[in-house]
Structures are given as C-alpha cells and as structure tokens.
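Close look at the chain arrangement
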Amino acid sequence: MEKVVKVEEEMLKMKSVLSNLKRNKSNARDKGIGESQHSSFLSPKSIPLLSPLANSVVSRCSKILQVPTEELQHQFDTELPGTVKELLTYARSFLEFCSYQTIHLLSTSPDFLSDKEFRRLTYDMMLAWEAPSVESETLDKESPSCSNQEVEDEDGWSLFYSSSTTTAVQVDDKKTVGREAFARIAPVCAAVADIITVHNLFDALTSSSDYQLHFLVYEKYIRSLDKIIKAAKYALAPAIGNLQLSEGEIVIDVDGIVPTQPVLQHIGISAWPGRLTLTNYALYFETGVGLYDKAVRYDLAMDMKQVIKPELTGPLGARLFDKAVMYKSTSIEEPVYLEFPQFKGNSRRDYWLDICLEILHAHRFIRKNNLKEIQKSEILAKAILGIFRYHAVREAFNFFSSHYKTLLAFNLAESLPGGDKILETLSSRLALLNVGAGIANAKRQPTLSPRKQQPTLSPVSLLTLSRLGFVLQKEANLDGESVVIGDICVGETNPLELAVKQSVLDTGTAEAAQATVDQVKVDGIDTNVAVMKELLFPVIELVSRLQRLASWEDPYKSTVFLVMTGYTIIRGWTRYILPTIFVFVAILMLWCRHFNKGRPLEAFKVTPPPNRNAVEQLLTLQDAITQFEALIQAGNIILLKIRALLFAVLPQATDKVVLLLVFIAAAFAFVPLKYLVLLVFLEAFTREMPYRKESSNRWVRRVKEWWIRIPAAPVQLIKVDEKKKKK
C-alpha cells in the first residue's frame, strides 16, 4: 500500500514539473527567446555524471522542450523525491525524467510515427538507459559513430541534432537494446507499446536476433505501425458506406475486400461470401462480392452470452477445414460460422479470432467494473491500439501469437496465470482518471504541492488515439496542450508493472509444465488405456484385494478384516479414515521431497499394446461405441422402470416399493447411523460367505425376477416439422 501511495505522489510531482515546463515554453513563445538562451538550446552543456550517449539524448530533449539542460537538472533535483536521486540511479532517473517529457510532447503531433527522427531518438533513449552514467559507459568500449545526417525544421535547425552534429551521437548497427530498456521507454508512448504486453512485444521483435533489438527492426516495426494506423484511418473509410455506425464507433479492420480472399458466412448448410468489418462495438458482415447487401450486426458490447471460438467448417455444413470462427449469442437462433479460406495454414483465421476476442474481453471488463464515459473510452482505446500493434507486427514480421505471448492486453490477462490481478490493478488505476478536473487544476495551480492535490491520471490511450485522428468520445475534454501523466514513472515501478512482472514469472512455470504435458500425450485408444491402467495400478490392486476378501477365498483373512472393520464402525472411528489417508499421502510426499531433492523424476514405464492397422482400430472403435450405446440404453431402461413404479403402472410392485421406503425411513429415523452402516457392510461383505452364499444367491435371483416383471414407461419420439423450422 505504501508503494501505491509513493507512486501516486511521484505522479503528482511529475504533473507539477510538466506544468512548469509547459508554462516556460508558452512564456518563451510569447516573449521571445533571448539570444543567450537560444544559444543554450543550440549548444547545451553536458552533465559530467552522464555518459556521452546519455548527454546526447538529454541535449536533444532540451532542444525539443526548449528548456536548458541546467534548468532540467534543477527541476529534477528540486521537484522529484529523494528515492529516485540516489547515487547509483541518479543518471538513469534523470535520463528517464527528460525522455518521458520529450516523448509526451512529441506524441502530441498527429504524424509523429512517420518522423524518422522520432524513431532514432526513442531508440537512442533505450540505448542510453542501458548505459546512462560514465561508469556504465566505460564497461562498453565500442565508440558510437557520428552521423552527418541533418534534418532541418522550419526555423533552420534540427529538432533533434545541432547543425554541427557534435552532440548528435549515432550508434552503429552493432549496438542493440535489451528487454528492460525497451520496457521502460517504449510504453511511455501509448501507440508504440502497452505496459501489459511490452515484454511480449519485445520477444516478438527480437525472436530472430537472440532477444536483442536492432534499430532496423525497431524502425521497421514503427513504419508498419504507422502504415496500419493510416490504413485504418483513410483506406478503410469506404468500408463504412453500408454500415450504420453509432457515435464513437470506429472501424478497426476489414477483410473480404479482395475477391480472391473472401470471407464465407455459414449458417446451417448455407454459405455466402462477403465482407467482414470489426469495430470497437460489433462485427458486421455484408453479403456480396463488389456490391454488398445490408450488413448483419453481431454485437460484442452487450451481455448476450457471446461465445467466440475456433471451429471446423466446410461445404454443406461438413466439418473439414479448421479455418473458421464461430459466433454464438442469445440474439441469434443458431451459431454463425465465419470461414477465412487460406491455401496453407490458418493464420488469417487466428488473427480475426484474436482481435474479436480482444474487443469482447474489453467490454466484459467494462461491464464487470461498471466503467462509464472516459474510463470506458480509455479501455476501448487501449484495446484498439493493441490490435493496431498486433496487426503491424503480423504484417512486418509474419508473427503468430501463442497462448502466453499474445500482444493483446485483455486476451493476455485472460490467459496468464494471475491475469485477474492485472485487471484488478488496471481497474484501480482507472479510478484515478479525471480528465476535466485534473487538467483544470493543473492549469490553475501548476505549482500547488502534490500532497494537496487529488491524485489523477490522464487517459493516455484515449489521448493518443484522438491525436491520431480517431474520435471515441466527442464530448470529452481532450485538450491537446494538457499535461499528460501516464503509468510509467521516473525511477519507480508502479503497481501495474509489478502485477505484470509477477504474472510473467508465473508464466514461465506454466509454460514449462505445459511442455511436459505435450510430451506425455500419446495417440491411440489402446495406448491411452494402457497408460491409465499403469497409473491406476495401486487403486486397481487395492480393489482386487478387497474383492478377494469379500469372496472368502481365505476365510481367516476375511474374518479378521470383518471383525476389525465392524469394530471400527461401532467405535465411530470411520470419520478418521479420510483424514488418516490425507496425512499418509502428505507424509509420503514430504518423504519423496526430502530424499529425491535435486534428482530428476524417472520416466514412467508403460508397455504399449501391439500395433493395430487402420481396419482393426476402426473395428475396436465400433465395438467401443456399441458397448457405450448399450450402456446408455440400460440406463434409460432403469429410469423408465423407476418412472413406471413412481406412477403405479404395476400396482402390486408399487405397493412393495412403498412399504420398503416406509421401512427405510423408519430405520433412518430411529436407528443410529453407525448401526445402519454396520448392517449394510455385514450384508454386502458376508454375501459370499459359505454359510449364507446359497440363501444370498436365491434372494438376488428373486429380486432380478421381480425387476424383470416391471414394465418400462412408454416413450414417444416426435420429429421436428421441417417446414416450421424453415419459417
């Protein structure tokens, strides 16, 4: 709890610092920058504690923020708490302080992803984060190469590099970025990464480079992301023609536009090609090729018990191809199957399954936590940006997500061990969202002490999506000049990061366990039965020994068992049997844990049955199905005879059952339970006893004869009228 309070105080202080920077920038713009201050921007002073690369990043941040490096350092020393200014972490915390402000400022531009200098600067921030101080720089003797590249803005000087390029440190291709640096810098820009999925994004980008991120890969990812976002904004606009979208509903993706790659909708045995559109509230399917009919809407927002899962489909309803997504809800009579034909594999289907589930899970989270207005829009914006990132990585690197490696936040939370804790933490963070009041307070009282302000956060995903040109909530007060306070804090790890890290640690154990499960799976009914028999051998052996005792093959052993069990029942010790078994198993497990520590578990050896050809396997399967059918029939006959007794189809038999039930009720009412248990045990165990075996067999035969004479209740099968079904 103290950690949460500390993080909230850190956010408030960051908010005050950013407000001061905004005010300084505004004053400089209104009054004009003096010649000496302008010179300080163009030739910022280096900070001795920082490495050359870190000084280069800080100097570029200084120019973008239009604040001298000395002033940035002064604000860092005076405004932020002492916990982030310790000697060992001072350089890294100061680098984060400058980088976060710069990224927030650059993200206000609607086309910042297209700027190659933004990509270069953010990558250099990650490199500098790994070696922020002089001490850390000396560990790496590789000297960065300088670039003569200049990008001039309207004022004639580079926004990121000085004209002399003396402070612009360009690293060579041998420099790479690690996981932690990427996780601390990339999520600051909500469009680039999300704090929940940032580690999976890093793994997707670096899977082929020994989990080290090269600049060319990072740049390719940002370019692809920019392309996907622009396509969703402009290229998909014609797809809205036949759709009647509600306010705040935006198109995320469309498939089936190309005639050679249609989407097929299967309902029953009928199928139609058409165009499929996903928005942040529903799926729309328009029948046709080129010219489309009115769209059919499949809702994802309302609570209609929706089920979305992969399914097999094919011509005339045949289950042949694993390339479809099934949608089922209470609003439609029968399930709808959306098939994504593909020559090889089913990646196209898997992509649409993932993004549909992401929107569905996002709305379930909204309903569960009763989120409204800004909070609801923030969750939808987070889901939409996650889909854009997933699409970008998929297009650029042919990425295929696995169970625990998805790039979609809400799908990941549903599958991760402890994912519910991530969602709980996210819900508590959403409670701090207060756009209007928070911005107003920041503008009216930018120097107010953080302890006197109500902790607030900005809807970072919603602001980012709005600046990219997507409007989710028109009435929201999303001021482009407002102070943005996100989840990433300077020198601190917020609760959401902690929850994600803990889930990632648990995921490693879950993946290792799942790998062992995949290894021990065997094919064939006979083989699986053989494995099960070997695993249940102790239980089978115990049951067989009890059967031998009950058969009185050895009268001495059976008599001893009968006396001991009867005495146990009379004394009332039966209630200790189950606890004794549990304690015995616990002691056995502790013994194995102590003596087998560090030694691998030996493989369980099973002798498989002889191999059978395909015809023999089919005959075995047919025989098993026949036996199962006979078992079901026998069960139905028993139930129908009980029904006949219940409704007195045979009055004489019903009278006997009534007398038996009255006798049993009186016994339970007046006789202690332990004596009833003893009586049942004696009757069952001594049935094969030599002295009463003949009488027991005679009694069992009379019961069977009585049961055979009881008729079964009638059953009538009613066929469904096909004409009414079609209507």
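Bear in mind that the values here come from a model prediction, so they are computed numbers and not experimental data.

As a further point, take the overall build of the protein. Each helix and strand counted, the protein has 26 helices and nine strands in total. Burial status across the protein gives 43% buried among its 727 residues. Taking the intrachain contacts of the protein between residues at least 6 apart in sequence as the baseline, contacts between residues at least 24 apart amount to 70%. Total accessible area on the protein stands at roughly 41500 Å², and carbon and sulfur atoms take up 60% of it.

The geometry of helix H11 (residues 347-368) relative to helix H12 (residues 373-397) is characterised by a closest axis approach of 9 Å and an angle of 165 degrees between their N-to-C directions. Compared by their axis directions, H11 and H12 come out roughly antiparallel. Taken as a pair, H11 and H12 cross one another with a handedness that is right-handed. On H12, the residues that touch Ser 347, Arg 348, Tyr 351, Asp 354, Ile 355, Glu 358, Ile 359, Ala 362, His 363, Phe 365 and Ile 366 of H11 are Lys 376, Ile 379, Leu 380, Ala 383, Ile 387, Tyr 390, His 391 and Arg 394. The residue makeup of the contact of H11 with H12, split by class, is eleven nonpolar, three polar and five charged.

This next bit is on the confidence of the model for the protein. On average, residues of the protein carry a pLDDT of 79, and 80% of them reach 70 or more. The model gives residues 141-173 a pLDDT under 50, and that stretch makes 67 contacts with residues more than four places away or in other chains.

According to the stated counting rule, one finds 21 aromatic pairs in the structure shown. Between Phe 340 and Trp 352, the aromatic rings sit 5.9 Å apart at their centres with planes inclined by 20 degrees, giving stacked as the arrangement. With Phe 340 in the loop between strand S9 (336-339) and H11 and Trp 352 in helix H11, the pair connects residues that are twelve residues apart, well separated along the chain. The exposure class of Trp 352 is buried, given its relative accessible area of 2%. Judged by centre distance (6.5 Å) and plane angle (50 degrees), the rings of Trp 706 and Trp 707 are tilted. Look at Trp 707 and you get partly exposed, because its relative accessible area is 27%. Counting every residue linked through ring pairs, the aromatic cluster contains Phe 76, Tyr 90, Phe 94 and Phe 97. When the ring centre of Tyr 292 is taken as reference, the NZ or CZ atom of Arg 275 above it lies at 4.1 Å.

Attention now goes to the nonpolar core. Ranked by internal contacts, the top residues of the largest apolar core, which has 129 residues, are Phe 182 and Phe 388. Ranked by residue count, the leading element in this core is H12, at twelve residues. With near-sequence residues (within four places) excluded, Phe 182 lies in contact with Met 126, Val 177, Pro 187, Val 198, Leu 201, Phe 202, Leu 205, Leu 213 and Tyr 218. Core analysis: the second largest hydrophobic core is formed by seven residues, Leu 549, Leu 562, Phe 681 and Phe 685 among them.

Taken N-terminus to C-terminus, the directions of H12 and helix H16 (residues 460-467) make an angle of 65 degrees; their axes are 7 Å apart at the nearest point. Once H12 is placed against H16, the crossing between them reads as left-handed. Two secondary-structure elements touch here, H12 through Ile 374, Ser 377, Glu 378, Ala 381, Lys 382, Ile 384, Leu 385 and Phe 388 and H16 through Val 460, Ser 461, Leu 462, Thr 464 and Leu 465.

Here the focus is the side chain of Ser 461. Residue position: Ser 461 is located in helix H16. Ser 461 has contacts with Ala 190, Glu 378, Ala 381, Lys 382 and Leu 385, leaving out every residue within four places of it along the chain.

This paragraph deals with the pairing of strand S1 (residues 251-255). S1 sits mainly inside the fold: five of its five residues count as buried. Relative to strand S3 (residues 270-279), S1 runs antiparallel, the two being bridged by four bridges. Looking at S3, one finds that Asp 255 is bridged to Leu 276.

Below, the discussion takes up the pattern of salt bridges. What the rule picks out here adds up to 23 salt bridges. Residues Arg 60 and Asp 124 are paired through a salt bridge, measuring 3.0 Å at the closest nitrogen-oxygen approach. One end of the pair, Arg 60, is in helix H3 (residues 52-65); the other, Asp 124, is in helix H6 (residues 116-130), and 64 residues separate them in sequence. Overall, the relative accessible area of 1% leaves Arg 60 in the buried class. What makes Asp 124 buried here is its relative accessible area of 0%.

At Gln 66, a position not held by glycine, the phi torsion is positive, near 60 degrees. Notably, Glu 373 is not glycine yet its phi reads approximately 50 degrees, a positive angle. Tracing the chain through its elements places Glu 373 in helix H12. Here Glu 373 falls in the exposed class, since its relative accessible area comes to 60%.

Attention now goes to a nonpolar patch on the surface. On the surface, Ile 577, Leu 578, Ile 581, Phe 582, Phe 584, Val 585, Leu 588, Met 589, Trp 591 and Phe 595 cluster together to form a nonpolar patch covering roughly 1100 Å² of accessible area. Positionally, Ile 577 belongs in helix H21 (residues 577-595). Take Ile 577: its relative accessible area is 42%, and that puts it in the partly exposed class.

A word on the side chain of Thr 176. In this structure, Thr 176 sits in the loop between helix H7 (134-138) and helix H8 (179-185). In this structure the side chain of Thr 176 is engaged in a polar contact, spanning 3.0 Å, whose partner is the side chain of Gln 212. Once you skip the residues sitting within four places of it in the chain, Thr 176 turns out to touch Tyr 123, Leu 127, Glu 130, Gln 212, Leu 213 and His 214.

Turning our attention to the state of the cysteines. Cysteine pairs can be linked by a disulfide, which is a covalent bond between their two sulfur atoms. Scanning the entire structure with this criterion turns up zero disulfides. Its sulfur unpaired, Cys 61 is 5.8 Å from the next cysteine sulfur, which belongs to Cys 98.

Turning our eyes to something else, we now look at the environment of Pro 335. With respect to the element layout, Pro 335 can be found in the loop between strand S8 (321-328) and S9. It is 7.0 Å that separates the C-alpha atoms of Pro 335 and Ile 267, two residues lying 68 residues apart in sequence. Apart from residues no more than four positions distant in its own chain, Pro 335 is found in contact with His 266, Met 326, Tyr 327 and Lys 328.

Turning our eyes to something else, we now look at helix H19 (residues 537-550). Counted at 1.5 Å a residue, the expected span for H19 with its 14 residues is 20 Å, and the 20 Å between its end C-alpha atoms agrees. The first or second residue beyond H19 is Trp 552, which carries a positive phi of 60 degrees.

Following the sequence through the fold, Arg 467 ends up in helix H16. When the C-alpha positions of Arg 467 and Phe 112 are compared, they lie 9.9 Å apart, and in sequence the two are 355 residues distant.

So, on to helix H23 (residues 651-670). Taking 1.5 Å of rise per residue, 20 residues should cover 28 Å, and H23 covers 29 Å from first to last C-alpha, within 8% of that figure. Elements that come into contact with the buried residues of H23 comprise helix H22 (614-646), helix H24 (673-685) and helix H25 (693-708).

Turning our attention to the environment of Ser 56. By secondary structure assignment, the location of Ser 56 is in helix H3. Judged by relative accessible area, Ser 56 falls into the buried class, the value being 2%.

Analysis parameters
- Within each chain, residue numbers correspond to sequence positions counted from 1 in written order.
- A pLDDT threshold of at least 70 governs which residues receive local features in this predicted model, and a stricter bar of 80 or more applies before side-chain atom pairs are shown or counted, although totals over entire chains, interfaces and linings include all residues.
- With hydrogens and water set aside, each side-chain value is computed from the structure's full complement of heavy atoms.
- Secondary structure elements are defined from DSSP: runs of H or I of at least 4 residues count as helices, runs of E of at least 2 residues count as strands, and each element is numbered from the N terminus.
- Partly exposed describes any residue whose relative accessible area lies between the buried limit of under 20% and the exposed limit of over 50%, with all areas from a 1.4 Å probe on protein chains only and scaled to the type maximum.
- Contacts between residues were defined by any pair of non-hydrogen atoms, one from each residue, lying within 4.5 Å.
- Here the Shrake-Rupley method, with its probe set to 1.4 Å, supplies the accessible areas, and only the displayed protein chains count as covering residues.
- Helix axes use the C-alpha atoms of the stretch in contact, all axes being lines fitted to C-alpha atoms, and the angles between their N-to-C directions lie in the range 0 to 180 degrees.
- Each angle is binned into one of four classes, with values under 35 degrees roughly parallel, values over 145 roughly antiparallel, values of 65 to 115 roughly perpendicular, and all other values oblique.
- In this scheme the handedness of a crossing depends on how the near helix is turned from the far one: anticlockwise by less than a right angle means left-handed, clockwise means right-handed.
- All residues other than Ala, Val, Leu, Ile, Met, Phe, Trp, Tyr, Cys, Pro, Asp, Glu, Lys and Arg, Gly among them, are scored as polar; the first ten of these are nonpolar and the last four charged.
- For every residue, the pLDDT score states the predictor's confidence, bounded by 0 at the bottom and 100 at the top.
- Ring geometry is summarised as follows: Phe, Tyr and Trp rings, the Trp one being its six-membered ring, pair when their centres sit within 6.5 Å, and such pairs are stacked at plane angles under 30 degrees, edge-to-face over 60 and tilted between the two.
- Lysine and arginine charges are scored as sitting over a ring when NZ or CZ, respectively, is within 6 Å of the ring centre and within 35 degrees of the ring normal.
- The nonpolar core is taken to be a set of buried Ala, Val, Leu, Ile, Met, Phe, Trp, Tyr and Cys residues, with the residues joined through side-chain atoms within 4.5 Å.
- DSSP bridges decide pairing: two strands pair if at least two such bridges lie between them.
- Whenever a carboxyl oxygen of Asp or Glu lies within 4 Å of a side-chain nitrogen of Lys or Arg, that contact is scored as a salt bridge.
- Nonpolar side chains (Val, Leu, Ile, Met, Phe, Trp, Tyr) within 5 Å and like charges within 9 Å form the patches, drawn only from residues with over 30% relative accessible area and no salt bridge.
- Pairs of N or O atoms within 3.5 Å make up the polar contacts considered here, provided that, within protein, one atom can donate a hydrogen while the other can accept it, and that residues adjacent in sequence are counted only when both atoms are side-chain atoms.
- Pairs of cysteine sulfur atoms within 2.5 Å are identified as disulfides in what follows.
- Residue count minus one, scaled by 1.5 Å, sets the expected span of a helix.

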